[in-house]
Amino acid sequence: MMNQLRKCLFVLICLLLSTSQAFSETTRPINLAVEFVDHAACAHIAKHHNWYAKIGLNVNSFDSYATGMGLSAALAKGGIDAAYICLLPAINAYANAHVSIKIVAGTHLYGYGLIVNPEKIKTLKDLSRPDIRLGCTREGSPPAALLHKLQTTYDLGPNIVARSRRMPPPKLLLALKTGQLDAAFMPEQFPTMGESDGFKELINARDLWPNMQGSVLVVRQNLIKDHPDIVAKLVELTRRGIQYINDNPEQAGIIVARELNVMEENFFPVKLTDSLQQLTISPDVIQYSLEHKLVNTVSINPAMVQEMINYAAKIGYIKKAFPAEEILDLRFLNE
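Residues numbered from 1 in each chain as written. Predicted model: local features only at pLDDT ≥ 70, side-chain atom pairs only at ≥ 80, totals over all residues. Heavy atoms only, no water.

Quick notes on the overall build of the protein
Here is step 1 of the chain: When helices and strands are tallied, the protein shows 15 helices and 11 strands.
Here is step 2 of the chain: Across the 335 residues of the protein, 55% fall into the buried class.
Here is step 3 of the chain: Here the protein displays about 14,700 Å² of accessible surface, and carbon together with sulfur accounts for 52% of that area. (Helix = DSSP H or I, 4+ residues; strand = E, 2+ residues; numbered from the N terminus. Buried < 20%, exposed > 50% of the residue type's maximum accessible area, 1.4 Å probe, protein only. Areas by Shrake-Rupley, 256 points an atom, 1.4 Å probe, with all protein chains shown as cover.)

Digging into unusual backbone geometry
Here is step 1 of the chain: Here the bond from Glu188 into Gln189 is cis, since omega is 15°, no more than 30 degrees from zero.
Here is step 2 of the chain: Phi at Tyr110 is positive, roughly 60°, even though this residue is not glycine.
Here is step 3 of the chain: Among the structural elements, Tyr110 can be located in strand β4 (residues 101-110).

Some points on the layout of surface pockets
Here is step 1 of the chain: The computed volume of the largest pocket comes to approximately 170 Å³.
Here is step 2 of the chain: Taken together, Tyr94, Ala95, Asn96, His98, Lys319, Lys320, Ala321, Phe322 and Glu326 make up the lining of the largest pocket.
Here is step 3 of the chain: Looking at the lining of the largest pocket, its residues break down into four nonpolar, two polar and three charged. (1 Å grid on protein atoms, 1.4 Å probe; cavity = no way out; pocket = protein on both sides within 12 Å on 5 of 7 lines; lining within 4 Å. Points joined across faces, edges and corners; volume = space filled by probe spheres on them. Nonpolar A, V, L, I, M, F, W, Y, C, P; charged D, E, K, R; others polar.)

Here's the deal with the sheet that holds strand β9 (residues 200-204)
Here is step 1 of the chain: Strand order in the open sheet formed by five strands is β7-β6-β8-β5-β9, with mixed pairing between adjacent strands. Edge positions in the sheet fall to β7 (165-166) and β9, since each has one partner strand and no second.
Here is step 2 of the chain: As paired strands, strand β6 (residues 134-136) and β7 are joined by two bridges and run parallel to one another. Bridge pairing in β7 links Cys136 to Arg166.
Here is step 3 of the chain: Across the sheet, helix α6 (residues 142-153) is in contact with β5 (112-116), β6, β7, β8 (183-187) and β9; its angle to β8 comes to roughly 130°.
Here is step 4 of the chain: The sheet contacts of helix α8 (residues 169-177) involve β5, β6, β7 and β8, and relative to β8 the element is tilted by about 150°. (Pairing = 2+ DSSP bridges. Contact = heavy atoms within 4.5 Å. Axes fitted to C-alpha atoms, helices over the stretch in contact; angles between N-to-C directions.)

Considering the confidence of the model for the protein
Here is step 1 of the chain: Taken as a whole, the protein shows an average pLDDT of 90; of its residues, 88% reach a score of 70 or greater.
Here is step 2 of the chain: Confidence over residues 5-26 falls short of pLDDT 50; this stretch has nine contacts with residues more than four positions distant or in other chains. (pLDDT = per-residue confidence, 0-100.)

Focus on helix α12 (residues 228-247)
Given 3.6 residues to a turn, an α-helix orients residues that are three or four positions apart in the same direction.
Here is step 1 of the chain: Relative to the 28 Å expected for 20 residues at 1.5 Å per residue, α12 spans 29 Å between its end C-alpha atoms, a close match to the ideal helical length.
Here is step 2 of the chain: Among the residues of α12, Asp229, Ile230, Val231, Leu234, Val235, Leu237, Thr238, Gly241, Ile242, Tyr244 and Ile245 are the ones counted as buried. (Expected span 1.5 Å × (residues − 1).)

Looking at the pattern of salt bridges
Here is step 1 of the chain: The tally for this structure, following the rule as stated, stands at 13 salt bridges.
Here is step 2 of the chain: A salt bridge links Arg28 to Asp81; the nearest nitrogen and oxygen atoms lie 3.1 Å apart. Within this pair, whereas Arg28 is found in the loop between α1 (2-26) and β1 (30-35), its partner Asp81 is found in the loop between α4 (68-77) and β3 (82-86), the two being separated by 53 residues in sequence.
Here is step 3 of the chain: Assessed through its relative accessible area of 23%, Arg28 is described here as partly exposed.
Here is step 4 of the chain: Given the relative accessible area of 10%, Asp81 is considered buried.
Here is step 5 of the chain: Glu188 is the partner of Lys293 in a salt bridge, and the nearest nitrogen-oxygen pair spans 3.4 Å. Taken as a pair, Lys293 in helix α14 (residues 283-293) and Glu188 in the loop between β8 and α9 (190-196) lie far apart in primary sequence, 105 residues in all. (Salt bridge = Lys/Arg side-chain N within 4 Å of Asp/Glu carboxyl O.)

Focus: the nonpolar core
Among soluble globular proteins, nonpolar side chains are generally buried collectively.
Here is step 1 of the chain: Core analysis: the biggest nonpolar cluster contains 119 residues, and Tyr52, Leu114, Leu127, Leu150, Phe185, Val218 and Leu234 have the highest contact counts within it.
Here is step 2 of the chain: Counting residues per element, this core draws most heavily on α12, which supplies eight residues.
Here is step 3 of the chain: Beyond its immediate sequence surroundings of up to four residues, Val218 is in contact with Leu75, Asp81, Ala82, Ala83, Ile85, Ala90, Ile101, Lys102 and Ile103. (Core = buried A, V, L, I, M, F, W, Y, C linked by side-chain atoms within 4.5 Å.)

Things to note about the sheet that holds strand β11 (residues 294-296)
Here is step 1 of the chain: Sheet architecture is open: six strands sit in the order β2-β1-β3-β10-β4-β11, paired in mixed fashion. Each edge of the sheet is formed by a strand with only one pairing partner; in this case those strands are β2 (59-65) and β11. Here the average twist between neighbouring strands, direction ignored, is 25°.
Here is step 2 of the chain: In the sheet, β4 pairs with β11 via three bridges, with the strands oriented antiparallel. Paired with Leu109 across the two strands is Val295, which belongs to β11.
Here is step 3 of the chain: In the packing of α14 onto the sheet, contacts are made with β4 and β11, and the angle to β11 comes to roughly 80°.

In structure tokens, the structure reads:
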């Protein structure tokens, strides 16, 4: 009888220890970050539906950054465990700031466009005119890299990149609206917002860079090492969010627009100016952007990542190219 009791107690203790260990792993607090664009739509949908808690993740913070380069700098400072970020800023963080991150999933292809004042600009060649005021996001960003491609692909002369005015996307769009710029290269959702105000998209990432990887999910390497279950769940929610977008684009537009507008209220009055309250993000704009400007997919092509690494080195955004395998860990996509 005593031996049976001891055996039962031993089994019970093992079960409690096992449960406690699993619970501690899945509830380890994590800090997430996104860019203020619909590129992270899958994360916003997961947040809206409370999927993080339902799947056993303890999200301590969910922060937004005005640009991918801003998020890249924040990754370098530490404190962010996982981020939905454009591929090129992720490469910059890894190569230039030596941030120990891995790309574990994709979120979309494309997602960048050049919009223009159609009364002043009819063709791409018009961009070469000295009177045209062109804006772009800062060096190191995907629109800035695409501007390099635009300049060389269409032989627009050496001054297109050099004379472009650098601003975050919201300021670029406002500068267009107020007549301070004639053209701007920006990440989605801002080109689609510009189109809804009467501006014209002259060219986009799909035209300039076939199969261009847009954004990715990155996580710190220590999270993979110490809590692979958390990483697996983040990848699963990314997949689930993308499936939701593709199956329910109208509802996804409503949800993501609501989440972005809440972030705008909390973020822009501090970081930019009160005039940014003019930039209301509508569900129709987000739906159109998600359906027509992005290809939403969790898959990621290592060859495409290598191509972007090589191009970043070519135009001087990183010191030298490196093997894509160094920054990729796609094992969780196959689980």
